[in-house]
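A closer look at the structure
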Amino acid sequence: ERQISCGVGPASVQGDVVARGRVPGGPDISLIETGLDRLWLSGLLSRPNAPKLIPASEPQLLDWISNGTEGTFLGDGVTHAWQWQTFYPELHIASLGRLRHIVRYQASDNANNHHPFGPGSSGGVLVAGGIPIGLQIAAINPAFQVGFAQSFDVSLQWLKNRLRATALHIVHLIME
């Protein structure tokens, strides 16, 4: 959600793809490099020195596997409430291949939303209690009420290895 924090900035932010997961079989994630100043001036980053957001830890995932949870899906200009269904240590999804650490969830506000996890929602972020869990990668058609997300522990580790980075952090989640 754009927050005007530094006057009137650019309406769009350009960047270069520096890493892209291989499909099928690899994580369904990409990293686009752009300038911090562009993100801040555009209002997409609330402040240039934002603290990092810690993604779901293994103990949190284990707790949710046992007890379930609910949260919010942050998509492209939309949010949807969801409920945890199950966790797959490994799952084969047609056209994506065999993927690790997949969360299956269902829309809990389906009376108001037709196709909440439908085409165009891939890349949306699953959040529970303010904690980022993962990125949506697929959904079950034709109703698209059930979605699948790959947890950040897999995709961020892949990005870190791919970039040979010593650290990689999430600093902001965007709804636009």
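Cut-off values and rules
- The residue count restarts for each chain, going from 1 along the sequence in the order it is written.
- In keeping with the model being predicted, local features are shown solely for residues with a pLDDT of at least 70 and side-chain atom pairs are shown and tallied solely at 80 or more, while totals for entire chains, interfaces and linings include all residues.
- Excluding hydrogens and water, the side-chain values take into account all heavy atoms of the structure.
- Each helix is a run of H or I in the DSSP string that is no shorter than four residues. Each strand is a run of E no shorter than two, and both are numbered from the N terminus.
- Three exposure classes are used, based on accessible area relative to the maximum for each residue type with a 1.4 Å probe and protein chains only: buried under 20%, partly exposed in between, and exposed over 50%.
- Contacts are assigned to residue pairs with any non-hydrogen atoms lying within 4.5 Å of each other.
- Only the protein chains shown count as cover for residues, and all accessible areas are computed by the Shrake-Rupley method using a 1.4 Å probe.
- Counted as positive: Lys and Arg. Counted as negative: Asp and Glu, with His and the chain ends omitted from the count.
- A charge is said to be at NZ when it belongs to Lys, at CZ for Arg, at CG for Asp and at CD for Glu.
- Here, expected helix span is obtained from the residue count minus one, scaled by 1.5 Å.
- In this analysis, strands are considered paired if DSSP registers two or more bridges between them.

Some points on the overall build of the protein chain
Helix and strand content of the protein chain: three helices and eight strands. The linear arrangement of helices and strands in the protein chain, starting from the amino end, is β-β-α-α-β-β-β-β-β-β-α. Seen through its C-alpha atoms, the protein chain measures out along the principal axes to roughly 45 × 40 × 30 Å. Relative to its full complement of 176 residues, the protein chain shows a buried share of 37%. Sequence separation of at least 24 residues holds for 59% of the intrachain contacts in the protein chain that already meet a minimum separation of 6. Just so you have it, the protein chain exposes about 10,000 Å², and 51% of that area is on carbon and sulfur atoms. Counting 12 positive and 13 negative side-chain charges, the protein chain places the centres of these two groups 9 Å from one another.

Considerations on helix H3 (residues 152–163)
Between its first and last C-alpha atoms H3 spans 16 Å; for twelve residues at 1.5 Å apiece the expected length is 16 Å, and the two agree. Every buried residue of H3 is accounted for by Phe152, Val154, Ser155, Leu156 and Leu159. Where H3 is buried, its residues contact strand E1 (16–20), strand E2 (30–33), strand E5 (97–107), strand E6 (125–128), strand E7 (131–139) and strand E8 (146–151). Of the residues one or two after H3, Arg164 is the one with positive phi, at around 55°.

As for the pairing of E8
Looking down a regular strand, the side chains alternate between one sheet face and the other. Burial analysis of E8 places six of its six residues in the buried class, which makes it a mostly covered element. One ladder, built from five bridges, connects E5 with E8; its direction is antiparallel. By the bridge assignment, Ile102 is partnered in E8 with Gln150. Sheet topology places E7 next to E8; five bridges connect them, and they run antiparallel. In the sheet register, Leu135 faces E8, and the bridge partner there is Gln150. Taking the residues that link successive antiparallel strands as the turn, the E7-E8 hairpin has six residues, and the phi of Phe144 there is positive, at about 55°.

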